[in-house]
Amino acid sequence: MTLPVTIIMIEDDEGHARLIERNIRRSGVNNEIVSFANGTAAMKHLFGADGTGLNQKGNALLILLDLNLPDMSGIDILKQIKENKYLKASPVVVLTTTDDSQEIKRCYEFGCNVYITKPVNYENFANAIRQLGLFFSVIQVPPAAS
């Protein structure tokens, strides 16, 4: 039996967050989306009060991660997710404005599964997110480790 996948969106730009959610929905994805405007709140949710990540045990998560957050680096969040035994199997999609090749390389080295540069043009951005939603509708996401 497959668990319903919860999408965790870590995006500080409210306009981008609305656009992402709206276009994921337009692609037919109806999964729960839990949105965070900063890294601190997202980390508290992901890792729980004790900081171990045990609270996510058995949950199927897909994480959308912006790199440029006001309170912490998205790269640091990525590293902590991929180093955690309960969260490391969760796919992480980096969705950011940064198109620097070194940054992209670092994200893949730290375990991101997909790196997408947000298009500047509204229509292109909306279209990219709809395509991402179609991708979400067919991928398989494992539950967090037991």
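Rules used in this analysis
- Residues numbered from 1 in each chain as written.
- Predicted model: local features only at pLDDT ≥ 70, side-chain atom pairs only at ≥ 80, totals over all residues.
- Heavy atoms only, no water.
- Salt bridge = Lys/Arg side-chain N within 4 Å of Asp/Glu carboxyl O.
- Helix = DSSP H or I, 4+ residues; strand = E, 2+ residues; numbered from the N terminus.
- Buried < 20%, exposed > 50% of the residue type's maximum accessible area, 1.4 Å probe, protein only.
- Arc of directions from axis to C-beta.
- Polar contact = N/O pair within 3.5 Å; in protein donor to acceptor, adjacent residues only side chain to side chain.
- Core = buried A, V, L, I, M, F, W, Y, C linked by side-chain atoms within 4.5 Å.
- Pairing = 2+ DSSP bridges.
- Axes fitted to C-alpha atoms, helices over the stretch in contact; angles between N-to-C directions.
- Contact = heavy atoms within 4.5 Å.

### Notes on the pattern of salt bridges
Pairing between side chains of opposite charge can happen when the charged atoms of each approach one another.
In step 1: In total, this model carries 6 salt bridges according to the counting rule given.
In step 2: In this structure, E21 engages R25 in a salt bridge whose closest nitrogen and oxygen atoms are separated by 3.6 Å. Of the two residues, E21 and R25 are both situated in helix α1 (residues 14-26); the distance of 4 residues between them amounts to about one turn of the helix.
In step 3: Here E103 makes a salt bridge to R106, at a shortest N to O gap of 3.9 Å. Of this pair, E103 and R106 both sit in helix α4 (residues 101-109), 3 residues apart, roughly one helical turn.
In step 4: Under the relative-accessibility criterion, R106 is labelled partly exposed at 37%.
In step 5: Overlapping salt bridges, with partners in common, bring together E11, D66 and K118 in one network.

### Details of helix α3 (residues 74-83)
In step 1: Listing the buried residues of α3 in full gives G74, I75, I77, L78, I81 and K82. Along α3, the residues classed as buried sweep out an arc of 160° about the axis, all on the same side.
In step 2: A side-chain oxygen of the first residue of α3 lies 3.0 Å from the backbone nitrogen of I75; this N-cap is S73.

### Here's the deal with the nonpolar core
In step 1: Ranked by size, the top nonpolar core spans 23 residues in total, and within it I8, I10, L46, I63, L65, I81 and C107 carry the most contacts.
In step 2: When residues of this core are traced back to their parent elements, those giving at least two are β1 (5-10), β2 (33-36), α2 (39-47), β3 (60-65), α3 and β4 (92-96).

### Things to note about the sheet that holds β4
In step 1: Reading across the sheet, the 5 strands line up as β2-β1-β3-β4-β5 and stay open at both edges, with parallel pairing between neighbours. The two strands at the open ends of the sheet, each matched to only one other strand, are β2 and β5 (114-117). If you compare each strand with its neighbour and ignore which way they point, the axes differ by 20° on average.
In step 2: Two strands pair when backbone bridges link them, and β1 and β3 are joined in this way by 6 bridges, in the parallel orientation. By the bridge assignment for β3, I10 is matched with L65.
In step 3: In this fold α3 packs onto β1, β3 and β4, with an angle of close to 160° to the strand it touches most, β3.

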